[in-house]
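So the chains spell out like this:
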Amino acid sequence: MAGKKRAAAEPKPGNTLADKLVRLGIAREQDLVLHLPLRYEDHTHLCPLAALKPGQPWQVEATVANTDIQYRPRRQLVCLLEDGDAQLVLRFFHFYPSHQKALAVGKRVRAFGDVREGHFGLEMVHPSFHVVAPGTPLPDRLTPVYPTTAGLAQDALRKLVHRALLRDPAYLAETLPPWTREPRRLWGFAQSVHYLHEPPTDASQSALDARTHPAWSRLKFDELLAQQLSLKMHRRARARRRAPRLVGDGTLTKALYERLPFKLTRAQQRVIAEIRRDLARAEPMQRLLQGDVGSGKTVVAALAALQAIESGRQVAFMAPTEILAEQHYRKLAVWLEGLPVKMAWLSGSLPAKTKRQAKAVIESGEAHFAIGTHALFQDEVALPKLGLAIVDEQHRFGVAQRLALRQRGIGDAHQLMMSATPIPRTLAMSFYADLDVSVIDEMPPGRTPVATRLVSQRRRSEVVERARKLCAEGGQVYWVCPLIEESEKLELQTAVALHAELTATLEEISVGLLHGRMKPDDKAVVMNSFVRGEIGVLVATTVIEVGVDVPNASLMVIEHAERFGLAQLHQLRGRVGRGAAQSTCVLLFEEPMSEAAKARLKVVYEHNDGFEIARQDLRIRGPGEFLGARQSGVPLLRFADPERDVALIEAARGAADELLRREPGAAGAHLERWLGGKQEFIKV
Ligand code: ADP
Ligand code: MG
């Protein structure tokens, strides 16, 4: 206890001015130049108290007539201003003694805030204010409001930015040569930055707020240019590396073709051809394979793997969850049975001894095909003859894991990343510019699209009956538990309760339960009996979201669908509709629903195409979250909007090529300004 107390008395680490600035992404003084305002306030006029009207922000200047702390209905600081015969109340619910002191009777105060009608006349709640000497001149510029963090006041930040703008001409130096700037009619850098931090009073506030002003365009262009430059440089560096040429002799791939119970779609054939060509080259492949859920990416991965194995190399195949990795392992084991391919299975949860054995066969080079979770890389397994690394559902790996994958282990091997979350073209262009992209844009034949039903909780019993009937006819059902992001424990309890409920109601049917907290062995047992059809209804948390493939399951019920994200719902729905039977996805929702939830469910209801859903998702949520990187510390676009600024992205792409070719020094200076020498920019 005593230790705790002492710790509390010490200065809190992480709260110096520098720490606060770092939290805003400002590591160097020159970064302040690029810390641009969110919006502006007009402090250039004063409004007499008698002329104030509610419902709008105003600036006033008047004398304090009274200040005291009141306790009803809750503790608050109330200050009464007077000028002539009119009055205005300033009200503060959060305040320090210093506020009270500053607002002493007789002081002249300049306040800015929204005016509203209070019980005792007009008032401002939490205005910004200064004590001023009478006759203090008004600013002749709009006042910027910056993104800030707790404990860093707007005024302090304004001063820091202002100082940085004056400090060093190098901070404002132009990085774009005229032949880049002029044809694109871009404003100068210094001009734009000054304008955005200190706009003249005649500036169009609406153009500034909408970020369509030419000064904004220049800054967005610069940001996008930095992104394109870093991606292109990354790509060039890759082109200089040497990977083994994996030409293959066709023996294994041919054998697999002959065994497949289906014919590849044209889209599958096309992407396989693209991958085959890459593998045969000495430049390491970095290809993203996109294809909607169920489009058949696994077989493409298997064919790529066999080409590498034919060439005498090892292949690592990683999946984000144990269930999925194991399913791949089992499926591949069937496909490759009897072929001279030695497989190895590695996951974090294997018993130590089994794991050691698996590692040994991988590290000796005896295993050709290592399949597993990211344990494959996290446990520092060496793959001495690694030729190809395949990452399934790569978007499900955390950003940190993805970077780690890039940085270690893989070395100069070829890389194939697969994703069922389609990335809209504009996003792909700006975020994945250093990758080649292959798209499977065609579903295997014979699939009937999944019918989606929105059903209120009030009619849940009808859904239960439907499940009963389907199981009686030999069908199978997924029943997904509500997502409870705040508490894994609560989520688990809900899953157990749901399982108990359905077991009781559907007494003649075998109901299974699958959740993230189960031991991998137990999970596998449940999953296997579902695959074999011994379980009729599988109650599951979102652990089944990715990749699981049971064609006989044709009904998917999602409880509290309103709590899920769009991509998740689409992924879950993709678990059904894999066989010949007409499949249905029931989205159970609880009323009342928020507008945002309604909008989400409407999108899933109306669209079956993953690309369209991703586009809508981007529209509803914005790109940062889309990439799941908001809290990753990976730099994200701050100013440009990949949906709205497509033209600027195109322009920046062109300029990046020009600049690297004609003036690489300027490209370096530009990157230094925007990335501060950081190596990592927005990457996969
Ligand atoms: P995903 O792209 O979501 O990873 P999978 O690779 O799991 O999809 O494939 C989904 C299902 O479709 C699997 O059962 C797979 O065997 C089957 N499949 C793949 N390609 C074809 C095809 N060309 N024709 C018929 N079925 C296919
Ligand atoms: Mg898959």
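Scoring rules and cut-offs
- Residues numbered from 1 in each chain as written.
- Chains lettered and ligands numbered in written order.
- Predicted model: local features only at pLDDT ≥ 70, side-chain atom pairs only at ≥ 80, totals over all residues.
- Heavy atoms only, no water.
- Salt bridge = Lys/Arg side-chain N within 4 Å of Asp/Glu carboxyl O.
- Helix = DSSP H or I, 4+ residues; strand = E, 2+ residues; numbered from the N terminus.
- Pairing = 2+ DSSP bridges.
- Axes fitted to C-alpha atoms, helices over the stretch in contact; angles between N-to-C directions.
- Contact = heavy atoms within 4.5 Å.
- Near = heavy atom within 4 Å.
- Polar contact = N/O pair within 3.5 Å; in protein donor to acceptor, adjacent residues only side chain to side chain.
- Areas by Shrake-Rupley, 256 points an atom, 1.4 Å probe, with all protein chains shown as cover.
- Nonpolar A, V, L, I, M, F, W, Y, C, P; charged D, E, K, R; others polar.

## A short note on the pattern of salt bridges
Reasoning step 1: Using the criterion set out here, one finds 31 salt bridges in the structure.
Reasoning step 2: Residues Arg28 and Glu672 are paired through a salt bridge, measuring 3.0 Å at the closest nitrogen-oxygen approach. You can see Arg28 sitting in the loop between α2 (17–23) and β1 (39–41) and its partner Glu672 sitting in helix α25 (residues 664–675), a full 644 residues away along the chain.
Reasoning step 3: Notably, a salt bridge pairs Arg116 with Glu123, separated by 2.7 Å at the nearest N-O pair.
Reasoning step 4: Through salt bridges that share partners, Glu174, Arg181, Arg218 and Asp222 make up one connected network.

## Observations concerning the sheet that holds strand β21 (residues 584–589)
Reasoning step 1: Strand order in the open sheet formed by six strands is β16-β21-β20-β17-β19-β18, with parallel pairing between adjacent strands. Each of the sheet's edge strands pairs with one partner strand only, and the pair in question is β16 (451–456) and β18 (511–514). Ignoring which end each strand starts from, the neighbouring axes of this sheet average 20° apart.
Reasoning step 2: Relative to β21, β16 runs parallel, the two sharing six bridges. Directly across from Arg453, in β21, lies its bridge partner Val586.
Reasoning step 3: Sitting on the sheet, helix α17 (residues 460–472) is in contact with β16, β17 (476–480), β19 (537–540), β20 (553–558) and β21, with an inclination near 150° to β17.
Reasoning step 4: In the packing of helix α20 (residues 566–573) onto the sheet, contacts are made with β16, β17, β20 and β21, and the angle to β20 comes to roughly 150°.

## Overview of the site of ligand 1
Reasoning step 1: Taken together, the neighbourhood of ligand 1 is formed by 17 residues, with Gly294, Lys297, Thr298, Arg447 and Asp549 sitting nearest.
Reasoning step 2: The separation between a nitrogen atom of ligand 1 and a polar side-chain atom of Gln268 is 2.8 Å.
Reasoning step 3: Within the side chain of Lys297, an N or O atom sits 2.8 Å from an oxygen atom of ligand 1.
Reasoning step 4: Across the complex, the protein chains shield 89% of the 560 Å² of accessible surface that ligand 1 would expose by itself.
Reasoning step 5: Residue classes in the shell around ligand 1 are distributed as four nonpolar, six polar and seven charged.

## Considerations on the sheet that holds strand β13 (residues 386–391)
Reasoning step 1: One open sheet accounts for seven strands, arranged β11-β12-β10-β13-β14-β9-β15; its pairing is parallel. This sheet does not close on itself; its edge strands, each paired only once, are β11 (343–346) and β15 (436–440). Across the sheet, the mean angle separating the axes of adjacent strands is 20° when strand polarity is ignored.
Reasoning step 2: The sheet contact formed by strand β9 (residues 286–291) and strand β14 (residues 414–419) spans five bridges and is parallel. Bridge pairing in β14 places Leu289 opposite Met418.

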